[in-house]
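# A look at the structure
Read off the chains here:
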Amino acid sequence: MKKVVYSISKPNKLEDGRLTGIGCITDEDLIIAAISKNGKPYIRVFEDCLKDCHPIPYKPDEYKGEYYEIFEIDGKNIQVDYSIWYKIQK
């Protein structure tokens, strides 16, 4: 695993739903520490999101991309979009 600085936001959300901090990446996933609405810490894994992130030209070790997850709520499929940026720490 590699250590990264990350920023994750929901482009469609009107309020500031941005998550920033230090996390880790595996070959496919971004792993971050998060806090629930109840104030309890948990580990959040964005599975297979690195395949959607591409290098930023002229910025070494920086990547960005769009990622989405589909959840089923009350029998309906809901898609949540994310904009992901991360920089690998050396």
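See the structure above.
Let us look at the structure shown here. A quick note: this is a predicted structure, and the numbers were derived from the prediction, not measured.

### A closer look at the sheet that holds strand S6 (residues 62-73)
Here we have seven strands laid out as an open sheet, ordered S4-S3-S2-S1-S7-S6-S5, and antiparallel in their pairing. Each edge of the sheet is formed by a strand with only one pairing partner; in this case those strands are strand S4 (41-46) and strand S5 (53-55). If you compare each strand with its neighbour and ignore which way they point, the axes differ by 30 degrees on average. One ladder, built from six bridges, connects strand S1 (residues 2-9) with strand S7 (residues 76-88); its direction is antiparallel. From the neighbouring strand, Ile-8 faces S7, where its bridge partner is Ile-84.

### Quick look at the nonpolar core
With 16 residues, the main nonpolar core has Ile-8, Leu-30, Phe-46, Ile-84 and Tyr-86 as its most contacted residues. Of all the secondary structure elements, the ones that give two or more residues to this core are S1, strand S3 (30-35) and S7. Among the elements that line this core, the one with the most residues is S7, at five residues. When sequence neighbours within four positions are dropped, the list of residues in contact with Ile-84 reads Ser-7, Ile-8, Leu-30, Cys-49, Cys-53, Tyr-63, Lys-64, Gly-65 and Tyr-67.

### Thoughts on a negative patch on the surface
Together, Asp-27, Glu-28, Glu-47 and Asp-48 give the surface a local cluster of negative charge. Summarising the element assignment, Glu-28 is placed in the loop between strand S2 (19-25) and S3.

### Regarding the packing of aromatic side chains
Evaluated as defined, the whole model comprises four aromatic pairs. Consider the rings of Phe-46 and Tyr-67, whose centres lie 6.0 Å apart with planes at 75 degrees: the pair is edge-to-face. A residue pair is termed long-range when its members are at least 10 positions apart, and Phe-46 in strand S4 and Tyr-67 in strand S6 qualify at 21 residues. Note on accessibility: Phe-46 and Tyr-67 belong to one class, buried.

### Observations regarding the pattern of salt bridges
On inspection of all chains with the given rule, the structure shows two salt bridges. Salt-bridge contacts for Lys-90 lead to Asp-61; the nearest nitrogen and oxygen are separated by 3.0 Å. A residue pair is termed long-range when its members are at least 10 positions apart, and Lys-90 in the segment after S7 and Asp-61 in the loop between S5 and S6 qualify at 29 residues. The class of Lys-90 is exposed, set by a relative accessible area of 87%. Judged by relative accessible area, Asp-61 falls into the partly exposed class, the value being 24%.

### Here we look at the environment of Ile-35
With respect to the element layout, Ile-35 can be found in strand S3. Residue classification places Ile-35 among the exposed residues on the basis of a relative accessible area of 62%. Look past the residues within four positions of Ile-35 in its chain and what remains in contact with it is Lys-40, Pro-41 and Tyr-42.

Cut-offs applied
Residues numbered from 1 in each chain as written. Predicted model: local features only at pLDDT ≥ 70, side-chain atom pairs only at ≥ 80, totals over all residues. Heavy atoms only, no water. Pairing = 2+ DSSP bridges. Helix = DSSP H or I, 4+ residues; strand = E, 2+ residues; numbered from the N terminus. Axes fitted to C-alpha atoms, helices over the stretch in contact; angles between N-to-C directions. Core = buried A, V, L, I, M, F, W, Y, C linked by side-chain atoms within 4.5 Å. Buried < 20%, exposed > 50% of the residue type's maximum accessible area, 1.4 Å probe, protein only. Contact = heavy atoms within 4.5 Å. Patch = residues over 30% accessible without salt bridge, like charges linked within 9 Å, V, L, I, M, F, W, Y side chains within 5 Å. Areas by Shrake-Rupley, 256 points an atom, 1.4 Å probe, with all protein chains shown as cover. Salt bridge = Lys/Arg side-chain N within 4 Å of Asp/Glu carboxyl O. Lys, Arg positive; Asp, Glu negative; His and termini not counted. Charge placed at Lys NZ, Arg CZ, Asp CG, Glu CD. Phe/Tyr/Trp six-rings, centres within 6.5 Å; stacked < 30°, edge-to-face > 60°.

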